[in-house]
Amino acid sequence: MNDRDIDIVARNAIMILIAFVVDDIDKAIDSIIHVWYSALIRESDFNILQQLIRPLIEDTCCKIRSKGPQALLSKTWTFGERSLRLVLEKSAWDKLLSFMDIPAGLTLQQADRVRTAVTLAESRKDYIDRHMLFQSPSHRVAMKRFRKDGLLLPFGALRDEFRFPNPTFFQTADSWQMKDNADPLNGWHAKEVREHPSGLATADIYGKLFYHIRAVLRDFVNRMSDLSVSFQLFQVDASDLPNRLKHGSFSRIEVSNIADGGYLGIHRTVALLGPLLQSPSINPHATLITLFMNVVDENISDQDQIADTTPLSPTTKRLLKYLPFHGMPSKNIYDPRIIKFNLARSIVANYDYIFDRFVKNAELSKFEPLIGFAMKEKNTIVEKWPFRLKLQPGQPGAQEEFDRLLSGGVSGKEIYLEWKRTRM
Ligand SMILES: C[S@@+](CC[C@H](N)C(=O)[O-])C[C@H]1O[C@@H](n2cnc3c(N)ncnc32)[C@H](O)[C@@H]1O
């Protein structure tokens, strides 16, 4: 696992270590969830960080005290058949240690003030209202509460114990680093979350998420207990990874959306990371998975957009089947019906033609003859367009599918590609 951002790597390392060192599985799972997602944690979670995780990291920091800040140092912790290898620069090891401590002067009240100055900012009111437009009334209540208290818990759960600012979020006493709309729901499969039982509180969306993550983490911890497994975590620019990892050694690589133009771009991503895949004679299924989040917006022309928004375009006609426009047509661009209509467009539109044009212009088919990597004709691991409607309007469940995608704030413009190696 790699990320160039120390916050990401440090939190990943801490959560894996909790899974390794806390013997009581229920305790480990709940602590991971709180450290992962809640702005405040319980004393017992804080004690795990201080008493079980801190000594592991402190030990390494002491050993490398005399090294220069840029010196690259690795440490492997082994727990029976399981291990974690962490490779960081000395300065990052020191930063990791600071993730265990609540910044001096940061009280519970100050932590709330600093966070809500972001999550409840007056200047974001309109943005929040637009998001709430797509939520059911009960979800609006839950979402407002999450912005207010920052705790991922079932709605009815007691909150008294959560009195310690989560030090993996608060690195200073006066700043909250995340965006106001950062929401744990965004990282999970909306349908699976909604279908997860939550007892009598059937509309408790964060409760469902909490129980869902508990179940996923339980599977993860149980699976690790009968597996010989080793994690390796790095904090480097992805373009540096080929220098640190064995070429031809991976059966699967997933790179998030660094294939987008604003990051490494698709050409560098495939050329740099593709060679890490096993060769086809060893594993014909070895796959590099790349995600585009921005490619449609970057390649759609004004002409395409105008054509797509005319009253008779296939997108508009399809959209009207899900969002029939009742009453007088409005010229007010702030009319909620119009805002909803415009935001919903990307879910029903078909962007194949934009993507095909990009593939052609970027000459992606030349990868194969030039460097021996080809896009799979059909994805076999992840859906190519995961947030596209699967049902036709009018089919049973079609409206629910549309409403679910819309309330999740997802964009129908995300595209996953799967790449295989075609030569040795
Ligand atoms: C590509 S970013 C995009 C963010 C995410 N997809 C979202 O919607 O907010 C995902 C992760 O990749 C990391 N990242 C971006 N470029 C990178 C690079 N060149 N090398 C390593 N990590 C990178 C970022 O730090 C971030 O944690």
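Residues numbered from 1 in each chain as written. Predicted model: local features only at pLDDT ≥ 70, side-chain atom pairs only at ≥ 80, totals over all residues. Heavy atoms only, no water.

### Quick notes on unusual backbone geometry
Piece 1. Positive phi, close to 50 degrees, is recorded for Ser-256, a residue that is not glycine.
Piece 2. Within the secondary structure layout, Ser-256 lies in the loop between strand S6 (252-254) and helix H10 (266-273).
Piece 3. Classification of Ser-256 as partly exposed rests on a relative accessible area of 35%.
Piece 4. Located in the positive-phi region is Glu-363, a residue other than glycine, with phi close to 55 degrees.
Piece 5. You can see Glu-363 is positioned in the loop between helix H15 (352-361) and helix H16 (367-371).
Piece 6. Given the relative accessible area of 41%, Glu-363 is considered partly exposed. (Helix = DSSP H or I, 4+ residues; strand = E, 2+ residues; numbered from the N terminus. Buried < 20%, exposed > 50% of the residue type's maximum accessible area, 1.4 Å probe, protein only.)

### Some thoughts on the environment of Gly-408
Piece 1. Mapping Gly-408 onto the fold places it in the loop between helix H17 (398-407) and strand S9 (415-421).
Piece 2. With 73 residues separating them along the chain, Gly-408 and Asp-335 place their C-alpha atoms 21 Å apart.

### Looking at the packing of helix H13 (residues 314-322) against H17
Piece 1. Remark: H13 packs on H17, axes separated minimally by 10 Å, with the N-to-C direction vectors making an angle of 105 degrees. Viewed along their axes, H13 and H17 adopt a mutual orientation that is roughly perpendicular. On the side of H13, the interface is formed by Leu-319, Lys-321 and Tyr-322, while H17 contributes Ala-398, Gln-399 and Phe-402.
Piece 2. By residue class, the composition of the contact of H13 with H17 is four nonpolar, one polar and one charged. (Axes fitted to C-alpha atoms, helices over the stretch in contact; angles between N-to-C directions. Parallel < 35°, antiparallel > 145°, perpendicular 65-115°, else oblique. Contact = heavy atoms within 4.5 Å. Nonpolar A, V, L, I, M, F, W, Y, C, P; charged D, E, K, R; others polar.)

### With respect to the pattern of salt bridges
Side chains that differ in sign of charge can pair as their charged atoms come close.
Piece 1. Evaluated as defined, the whole model comprises 23 salt bridges.
Piece 2. Notably, a salt bridge pairs Asp-352 with Arg-388, separated by 3.4 Å at the nearest N-O pair. Of this pair, Asp-352 sits in helix H15 while Arg-388 sits in the loop between strand S8 (373-375) and H17; the two residues are 36 residues apart in sequence, bridging distant segments of the chain. (Salt bridge = Lys/Arg side-chain N within 4 Å of Asp/Glu carboxyl O.)

### Description of the site of the ligand
Piece 1. Taken together, 13 residues lie near the ligand, and Asp-3, Arg-4, Ala-238, Asn-257 and Met-293 sit nearest.
Piece 2. Between the ligand and Arg-4 there is a distance of 3.3 Å, counted from a nitrogen atom to a backbone nitrogen or oxygen.
Piece 3. One of the backbone N or O atoms of Ala-238 is found 2.8 Å from a nitrogen atom in the ligand.
Piece 4. Expressed as a share of its isolated accessible area of 570 Å², the protein-covered part of the ligand is 70%.
Piece 5. Looking at the shell around the ligand residue by residue, the class counts come to six nonpolar, three polar and four charged. (Near = heavy atom within 4 Å. Polar contact = N/O pair within 3.5 Å; in protein donor to acceptor, adjacent residues only side chain to side chain. Areas by Shrake-Rupley, 256 points an atom, 1.4 Å probe, with all protein chains shown as cover.)

### Topic: the domain arrangement of the protein chain
Piece 1. Domain parsing of the protein chain yields domain 1 (6-225) and domain 2 (240-424).
Piece 2. Relative placement of domain 1 and domain 2: their C-alpha centres are 29 Å apart.
Piece 3. At the interface, ten residues of domain 1 touch ten residues of domain 2.
Piece 4. Sorting the residues of domain 1 by area buried against domain 2 places Arg-130, Leu-133 and Phe-134 first, and these three jointly supply 58% of that buried surface.
Piece 5. Counting every contact that joins domain 1 to domain 2 gives zero salt bridges.
Piece 6. The interface formed by domain 1 and domain 2 contains two residue pairs in polar contact (both at pLDDT 80 or more).
Piece 7. Among the residues forming the side of domain 1 that touches domain 2, the class breakdown is four nonpolar, three polar and three charged. (Domains from an automatic or database assignment. Buried area = accessible area lost by both parts, 1.4 Å probe.)

### Considerations on the UniProt feature "domain: DUF4470" (unreviewed entry) in the protein chain
Piece 1. Cross-referencing UniProt, the feature "domain: DUF4470" (unreviewed entry) maps to residues 1-41 in the present numbering.
Piece 2. The distance from the first to the last C-alpha atom of residues 1-41 is 26 Å, and the span holds 71% helix and 5% strand. (UniProt positions renumbered as here; feature names shortened; annotations may be inferred.)

### Some details on the environment of Leu-320
Piece 1. Here Leu-320 shows up in helix H13.
Piece 2. Along the primary structure Leu-320 and Pro-393 are separated by 73 residues, whereas in three dimensions their C-alpha atoms are 9.8 Å apart.
Piece 3. Leave out the neighbours within four places in its chain, and Leu-320 touches Phe-325 and Phe-341.

### Comments concerning the packing of helix H2 (residues 25-37) against helix H9 (residues 205-225)
For any two helices packed against each other, the geometry is given by the interaxial angle and the distance between the axes.
Piece 1. In the contact formed by H2 and H9, the axes pass within 10 Å of each other and the chain directions differ by 125 degrees. The angle between the axes of H2 and H9 places the two elements in the oblique class. H2 and H9 meet at a crossing whose hand is right-handed. Mapping the contact onto sequence places Ile-25, Asp-26, Ile-29, Asp-30, Ile-32, Ile-33, His-34, Trp-36 and Tyr-37 in H2 and Phe-210, Ile-213, Arg-214, Leu-217, Arg-218, Val-221 and Asn-222 in H9.
Piece 2. Partitioning the contact of H2 with H9 into residue classes produces ten nonpolar, two polar and four charged. (Left-handed = near helix turned anticlockwise from the far one by under 90°.)

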